[in-house]
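Coordinate inspection notes
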Amino acid sequence: MDSGLKGLEGVLAIARRGSFRAAALDLGVSTTALSHSIARLEASLGVRLFNRTTRSVSLSDAGRAFVERIAPAVAEIRGAMETAQSQRRTPAGLLRINASVQAGRAIAPLVLTFLRRFPQMQVDLVTEGRLVDIVAEGFDLGIRPADLVPRDMIALPLGQMQRHAVVASPAWVAVHGMPRTPADLPLNECIRVRLPNGALLRWPFQRDDAVTQVEAQGRLTLDEAAIARAAVLDGAGVGFFIEQDVAADIADGRLVHLLQDWTPERPGFSLYYPGRRNPSAGFTAFLGMVRKAAARDADIG
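We now turn to the structure provided with this report. Computed from a prediction, not measured in an experiment: that's the story for all the values here.

Here the focus is the nonpolar core. Judged by nonpolar contacts, the single largest core of 25 residues is most densely connected at Phe114, Leu141, Ile143, Leu271 and Phe286. The set of elements that each furnish at least two residues to this core consists of strand E3 (93–99), helix H5 (101–117), strand E5 (141–145), strand E14 (269–273) and helix H9 (281–300). Setting aside residues up to four positions removed in sequence, Leu271 forms contacts with Leu141, Gly142, Ile143, Ile154, Ala155, Leu156, Leu158, Phe286, Leu287 and Val290.

This is the structure in structure tokens:
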């Protein structure tokens, strides 16, 4: 990195993430290169932009004022560069996508096809549980369940329906029996699910016209499906998942599928993005592939 635009982007990334390491990962550079770039910029300015300890990084007073002034300017420069790049007919450059873990798995085959088709493109696919502001954190696209997409975004359904699955281990079922309705669930045995926005999930159920929600009251609260799956396999209680996360366990008999007739299909993931006046050729090409894939899935469904 240098002390020009990339140096300024480095300052904004560190301010946003609160960590040199996390900012370096976002920017695709080494932590050492980013640290040297910031040191050179601070030396040229004659002020310290960040207060550093072994455990944390925070903006100094001078750094806070600096970030407030440069953030709009850097955004304008990025916009000008995107406008220029949009004139290219051949897709090239970097496309940054933020997705939940499940959505990342769903979109990965399409990303690989996209890279094979457009060898000058790069894709940075970041998967995480928290729901981020994709504009503020420098992403081009986001992928989340349809009901979590921010209202001010343009959303494109991916066309793949989802189902929830309520599961427990065979040993748990042997002790507690098979619930026939949501009302039969022992609430203190249900593992609580924390959503990306911090709220606790009320388990939704529906059969015909009957709709109900269950508030899990188990002693364990988790926000990561893989950890929840391991807990349920260990007999910790009843879990509530997106079906694809536990389908293999159900098929192999490691988990028992409960209340199947109470978990109908629901809208799946949506790809979303802010409105753009001059989208790049790569951005446009990727959206085109997503639309074709969604239409194909809809026809198959």
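On we go from here.
What follows concerns the packing of aromatic side chains. Tallied over the entire structure, the rule returns six aromatic pairs. Measuring from centroid to centroid gives 5.2 Å for Phe114 and Phe118, while their planes differ by 55°, and the two rings are tilted. The class for Phe118 is buried, based on a relative accessible area of 19%. Measuring from ring centre to ring centre gives 5.9 Å for Phe205 and Phe240, while their planes differ by 80°; the resulting arrangement is edge-to-face. Here the residue Phe205 occupies a position in strand E9 (residues 202–207), and Phe240 occupies one in strand E12 (residues 239–242), the gap between them amounting to 35 residues.

With that settled, the discussion passes to the pairing of E5. The buried fraction of E5 is high, at five of five residues. As paired strands, E3 and E5 are joined by three bridges and run parallel to one another. If you follow Ile97 over to E5, its bridge partner there is Leu141. As paired strands, E5 and E14 are joined by four bridges and run antiparallel to one another. Along E14, the bridge assignment pairs Gly142 with Tyr272.

One can find Ala80 in helix H4 (residues 61–85). In this structure, the C-alpha to C-alpha distance between Ala80 and Asn278, residues 198 residues apart in sequence, is 9.4 Å.

Conventions and cut-offs
Residues numbered from 1 in each chain as written. Predicted model: local features only at pLDDT ≥ 70, side-chain atom pairs only at ≥ 80, totals over all residues. Heavy atoms only, no water. Core = buried A, V, L, I, M, F, W, Y, C linked by side-chain atoms within 4.5 Å. Buried < 20%, exposed > 50% of the residue type's maximum accessible area, 1.4 Å probe, protein only. Helix = DSSP H or I, 4+ residues; strand = E, 2+ residues; numbered from the N terminus. Contact = heavy atoms within 4.5 Å. Phe/Tyr/Trp six-rings, centres within 6.5 Å; stacked < 30°, edge-to-face > 60°. Pairing = 2+ DSSP bridges.

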